[in-house]
Amino acid sequence: MSCETIRLVSLNPSTNHFVCHCQGTGWVVVEGKGAQECGCRIRAKIIRKLERIPPEYEHLRIESVAPDLKRHPKQAFVWQTVKRHPDRCYLLCGRSGVGKSAVMWALYAHAVEQYRPAVAMSLSELIEDFRRAEAVGYQNEYLAELYPSKLRTRSDRWFVGIDDFHLGRPTRFAGEMIYRLLDAAYSYRHQLVVTSQLDRRGLERHWAEAGDGSGKAIMRRLMEINGATYLTLPETDGRLEERRADGLYKKKAAFEDIVN
Ligand SMILES: [Zn+2]
């Protein structure tokens, strides 16, 4: 039996070793357990998932981020929180360019490296995917990458990342699908990470346009999920410093950390 250890330089140490015993089939038979995925197949899957990360964030890992509390206290607080609790649910709010997506992709990479099912995309990609799946109907092969019934499982804890939760038209269809998705994520205790330029109230108003009660229902599900942590990211310190230098910076950076 061939047996080799595959090393992955870019992955974290706990996922560095995958032993291949399958001689190319991708499966190994384990006594009493039947056919199981071989290490080489698991490794290939992890690499495929990591390749989904946009180049800007591909090397970012929670483990390697070293928050500098003295120099960037507010940004550092956010990173410290996710480092300490990488498996929690988060609603990350803040203006464009403050690093919300960086946090989301770092959490995604963390979940992937634990070999958990993980998906991350923008809200508009998600809705587009739902629409395509709906349009072709169920006879067709096309299935959305993520749909509510996929989350109705207890066997794995999913990572679901939704970027830019405030972008796109809040149509009735979008509102219904998102509610069903969040409801499944909530009921089955998956990990949800959502980013948005709008805060909680802004999001509630945004989603209220999707129809009766949608705003409240969606936000209730969002905030109820495993006691989601609500983090507002301040503007990047670089930008703050620039504005301070310009004498324009008067208001204290809005920053809240409301747990539950
Ligand atoms: Zn193998």
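These numbers come from a predicted model, not from an experiment.

Glancing now at helix α7 (residues 214–224). Every α-helix winds through 3.6 residues per turn, so residues three or four apart in the chain are directed the same way. All of the buried residues in α7 are Ser214, Gly215, Ala217, Ile218, Met219, Arg221 and Leu222. Residues of α7 that are buried in the fold lie against β5 (90–93), α5 (172–187), β8 (191–196) and α6 (200–208).

For arginine 200, the position within the fold is in helix α6. Looking at arginine 200, the number of C-beta atoms within 10 Å reads 17, which means it is partly exposed. In this structure the C-alpha to C-alpha distance between arginine 200 and leucine 91, which are 109 residues apart in sequence, comes to 8.7 Å. Not counting the four nearest positions on each side in its chain, arginine 200 is found in contact with Met219 and Tyr230.

Let us look at the confidence of the model for the protein. Averaged over every residue, the pLDDT of the protein is 78; the share at 70 or more is 78%. In this model, residues 1–14 is a region of pLDDT below 50 whose contacts with residues beyond four sequence positions or in other chains number 22 contacts.

For α5, built from 16 residues, the straight-helix expectation of 22 Å at 1.5 Å per residue is met to within 8% by its first-to-last C-alpha distance of 22 Å. Those residues of α5 lying buried are Ala174, Gly175, Met177, Ile178, Tyr179, Leu181, Leu182, Ala184, Ala185 and Tyr186. As for α5, its buried residues are in contact with α4 (123–136), β7 (159–163), β8, α6 and α7. Backbone geometry just downstream of α5 places arginine 189 in the positive-phi region, at approximately 55°.

Membership of the largest hydrophobic core comes to 53 residues, with the highest contact counts inside it found for Leu107 and Tyr108. Sort the elements by how many residues they give to this core and helix α3 (residues 100–113) lands first, with 10 residues. Setting aside residues no more than four positions away along its own chain, tyrosine 108 makes contact with Ile53, Ala118, Ala120, Phe159 and Gly161.

Now for the packing of α6 against α7. Two elements in contact, α6 and α7, have axes whose closest approach is 7 Å; the angle formed by their N-to-C orientations is 135°. Comparing the axis directions of α6 and α7 gives the class oblique. Between α6 and α7 the crossing geometry is right-handed. Where α6 approaches α7, its residues Arg200, Leu203, Glu204, Arg205, Trp207 and Ala208 are matched on the opposing element by Ser214, Gly215, Lys216, Ile218 and Met219. Across the contact of α6 with α7, the residue classes tally to 5 nonpolar, 2 polar and 4 charged.

Rules of the game
- Counting restarts for each chain, with residues numbered from 1 along the sequence as it is written.
- Note on the predicted model: pLDDT of at least 70 is required for a residue's local features to be given, and 80 or more for side-chain atom pairs to be given and counted; whole-chain, interface and lining totals, by contrast, use all residues.
- Burial is judged by counting the other C-beta atoms within 10 Å of a residue's own C-beta: 20 or more makes it buried, 12 or fewer makes it exposed, and any count in between marks it as partly exposed, with every C-beta position built from the backbone.
- Working definition: helices are DSSP H or I runs of at least four residues, strands are E runs of at least two. Numbering for both runs from the N terminus.
- Once C-beta atoms have been placed from the backbone, residue pairs whose C-beta atoms lie within 7 Å are recorded as contacts.
- The score called pLDDT rates the predictor's confidence residue by residue, from a low of 0 to a high of 100.
- Expected helix span is taken as 1.5 Å per residue step, with the number of steps being one fewer than the number of residues.
- In these notes, a nonpolar core means any group of buried Ala, Val, Leu, Ile, Met, Phe, Trp, Tyr and Cys residues linked to one another through C-beta atoms within 7 Å.
- Between the N-to-C directions of two axes lies an angle of 0 to 180 degrees, each axis being a line fitted to C-alpha atoms and, for a helix, fitted only over the stretch in contact.
- Angles below 35 degrees are treated as roughly parallel, those above 145 as roughly antiparallel, those between 65 and 115 as roughly perpendicular, and all remaining angles as oblique.
- Helix crossings are classified by the rotation of the near helix relative to the far one: an anticlockwise turn of less than a right angle makes the crossing left-handed, while a clockwise turn makes it right-handed.
- Three categories are distinguished: nonpolar for Ala, Val, Leu, Ile, Met, Phe, Trp, Tyr, Cys and Pro, charged for Asp, Glu, Lys and Arg, and polar for the others, with Gly belonging to the last.

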